[in-house]
Amino acid sequence: MKDQAVLFYAMKGVLYPVALSEEQSTMLQMLVKVFEPLQVVQSHPQGEAVNLINQVKKHA
């Protein structure tokens, strides 16, 4: 995965990734540019990034 902003949903203290279409992802990246520069807190990683949409397509 390339370095970019992603969207998570917090439910009862657990983070869940939000699947976005390509158009939605593009819109998110454009919105994030409004907040540049972003402060990335590298000392608190939340886990490994995986592309869940590609995994679903492989198993279909």
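Since we're looking at a predicted model, the values are computed, not measured.

Novice: Can you walk me through the overall build of the protein in this structure?
Specialist: The helix and strand tally for the protein stands at two helices and two strands. Counting from the amino terminus, the protein carries its helices and strands in the arrangement β-β-α-α. For the protein, buried positions account for 7% of its 60 residues. About 5,900 Å² of surface is accessible on the protein, with carbon and sulfur atoms providing 58% of the total.

Novice: Any chance you could explain a nonpolar patch on the surface here in plain terms?
Specialist: Together, Leu7, Tyr9, Met11, Val14, Tyr16 and Val18 make up a nonpolar patch on the protein surface, roughly 520 Å² of accessible area in all. Counting only elements with at least two residues in the nonpolar patch, the list comes to strand 1 (8–11) and strand 2 (14–17). Following the sequence through the fold, Leu7 ends up in the segment before strand 1. Take Leu7: its relative accessible area is 37%, and that puts it in the partly exposed class.

Calculation notes
- Per-chain numbering applies: the sequence of each chain, read as written, is numbered from 1 onward.
- Local features in this predicted model are restricted to residues whose pLDDT is 70 or higher, and side-chain atom pairs enter the listing and the counts only when it is 80 or higher, whereas totals over whole chains, interfaces and linings include all residues.
- Side-chain metrics in this entry use all non-hydrogen atoms of the structure; hydrogen atoms and water are not considered.
- By definition, any uninterrupted DSSP run of H or I lasting at least four residues is a helix, any uninterrupted run of E lasting at least two residues is a strand, and each is numbered from the N terminus.
- For the exposure calls, accessible area comes from a 1.4 Å probe over protein chains only, and a residue counts as buried if that area is under 20% of its type's maximum, exposed if over 50%, partly exposed in between.
- Throughout, the Shrake-Rupley method with a 1.4 Å probe supplies accessible areas, and for residues the shown protein chains are the sole cover considered.
- Each patch is assembled from residues with relative accessible area greater than 30% and no salt bridge, linking like charges that lie within 9 Å and nonpolar side chains (Val, Leu, Ile, Met, Phe, Trp, Tyr) that lie within 5 Å.
- Each reported salt bridge corresponds to a side-chain nitrogen of Lys or Arg within 4 Å of a carboxyl oxygen of Asp or Glu.

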